[in-house]
Amino acid sequence: MTKTERLIALEEIKALKARYWLGVDTQDEALLRSVFSDDATIPGPNGGVERTASAFIDNLLAMFKGATSVHQGSAPIITFTSDDIATGVWTLEDWIWAPEAGSPLSFKVLHGWGHYHDVYRRTAEGWKIRSFRLQRIKVETVAA
């Protein structure tokens, strides 16, 4: 990969992660499905059993139904391990507000800080998320 190709790939990966957070915050199922590679796996809650991207998205949309969220990521450290694989670490701050009634969320408000640890794979359709792990540093909640 040339330096120019690498710079282009960096910008494509940054835009990919931005689309992921937009998909989460707007609960846009099609957008969320478009950011993951076909072989993507995501750990379950609290480091549980890995699941497919489809199962992760289904669970996320069910949990966030009626909720409002804002995810802000910054300061990515992206490393290319090959021409087609890259890793990334992103600083994250997020807010999640549960709906007033009937929410499966265990809180009314969550404010969190941490880091996403991602793996990206270049596919025929462009860069995709192959896996990620969210490592929380601090979480403040208002009880439901």
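Above this text you will find the structure in question.
Each value, and the rule that gives it
Residues numbered from 1 in each chain as written. Predicted model: local features only at pLDDT ≥ 70, side-chain atom pairs only at ≥ 80, totals over all residues. Heavy atoms only, no water. Helix = DSSP H or I, 4+ residues; strand = E, 2+ residues; numbered from the N terminus. Rg over C-alpha atoms; globule rule 2.2 N^0.38 Å. Buried < 20%, exposed > 50% of the residue type's maximum accessible area, 1.4 Å probe, protein only. Contact = heavy atoms within 4.5 Å. Areas by Shrake-Rupley, 256 points an atom, 1.4 Å probe, with all protein chains shown as cover. Lys, Arg positive; Asp, Glu negative; His and termini not counted. Charge placed at Lys NZ, Arg CZ, Asp CG, Glu CD. Pairing = 2+ DSSP bridges. Axes fitted to C-alpha atoms, helices over the stretch in contact; angles between N-to-C directions. Salt bridge = Lys/Arg side-chain N within 4 Å of Asp/Glu carboxyl O. Polar contact = N/O pair within 3.5 Å; in protein donor to acceptor, adjacent residues only side chain to side chain. Patch = residues over 30% accessible without salt bridge, like charges linked within 9 Å, V, L, I, M, F, W, Y side chains within 5 Å. Core = buried A, V, L, I, M, F, W, Y, C linked by side-chain atoms within 4.5 Å.

Caption draft 1: Fine view of the overall build of the chain. The number of helices and strands found in the chain is three helices and six strands. Mapped from its N terminus to its C terminus, the chain presents α and β elements in the order α-α-β-β-α-β-β-β-β. The C-alpha atoms of the chain give a radius of gyration of 16 Å, which matches the 15 Å a tight globule of 144 residues would have. The 144 residues of the chain split such that 36% are buried. Restricting the contact set of the chain to residue pairs at least 6 apart, pairs at least 24 apart contribute 58%. About 8000 Å² of surface is accessible on the chain, with carbon and sulfur atoms providing 55% of the total. Computing the positive centroid from 16 side-chain charges and the negative centroid from 18, the chain places the two 3 Å apart.

Caption draft 2: Main features of the sheet that holds strand β3 (residues 68–80). The six strands are arranged β2-β1-β6-β5-β4-β3 in an open sheet whose pairing can be described as mixed. Either end of the sheet is taken by a strand with one partner, and the two such strands are β2 (48–52) and β3. Geometrically, the sheet is characterised by an average inter-axis angle of 20° between neighbouring strands, direction not taken into account. The pairing of strand β4 (residues 85–97) with strand β5 (residues 107–123) spans 13 bridges and is antiparallel. When the sheet's bridge partners are listed, T91 is paired in β5 with H115. Against the sheet, helix α1 (residues 3–26) makes contact with β1 (36–44), β3, β4, β5 and β6 (126–143), and its axis sits at roughly 160° relative to β3, the strand it touches most. Each of β1, β2, β3, β4 and β6 touches helix α3 (residues 53–64); the most contacted strand, β2, lies at about 105° to it.

Caption draft 3: The arrangement of the pattern of salt bridges in detail. According to the stated counting rule, one finds nine salt bridges in the structure shown. With a shortest N-O distance of 3.2 Å, E11 and K14 are connected by a salt bridge. Taken together, the residues E11 and K14, both in helix α1 and three residues apart, mark about one turn of the helix. We classify K14 as partly exposed; its relative accessible area is 32%.

Caption draft 4: Molecular detail of the side chain of H111. Here H111 shows up in strand β5. Of the polar contacts made by the side chain of H111, one reaches the side chain of E93; its length is 2.6 Å. A polar side-chain atom of H111 sits 3.2 Å from a polar atom in the side chain of W95.

Caption draft 5: Summary view of a nonpolar patch on the surface. The grouping of V70, W95 and W97 at the surface amounts to a nonpolar patch, some 240 Å² of accessible area in total. Under the relative-accessibility criterion, W97 is labelled partly exposed at 34%.

Caption draft 6: Summary view of the nonpolar core. The biggest cluster of nonpolar side chains holds 33 residues, and the ones touching the most others in it are Y20, F36, F56, Y120, W127, I129 and F132. Elements with a contribution of two residues or more to this core: α1, α2 (29–35), β1, α3, β3, β4, β5 and β6. What F36 contacts, discounting residues up to four positions off in sequence, is Y20, I42, A53, F56, I57, K128, I129 and F132.

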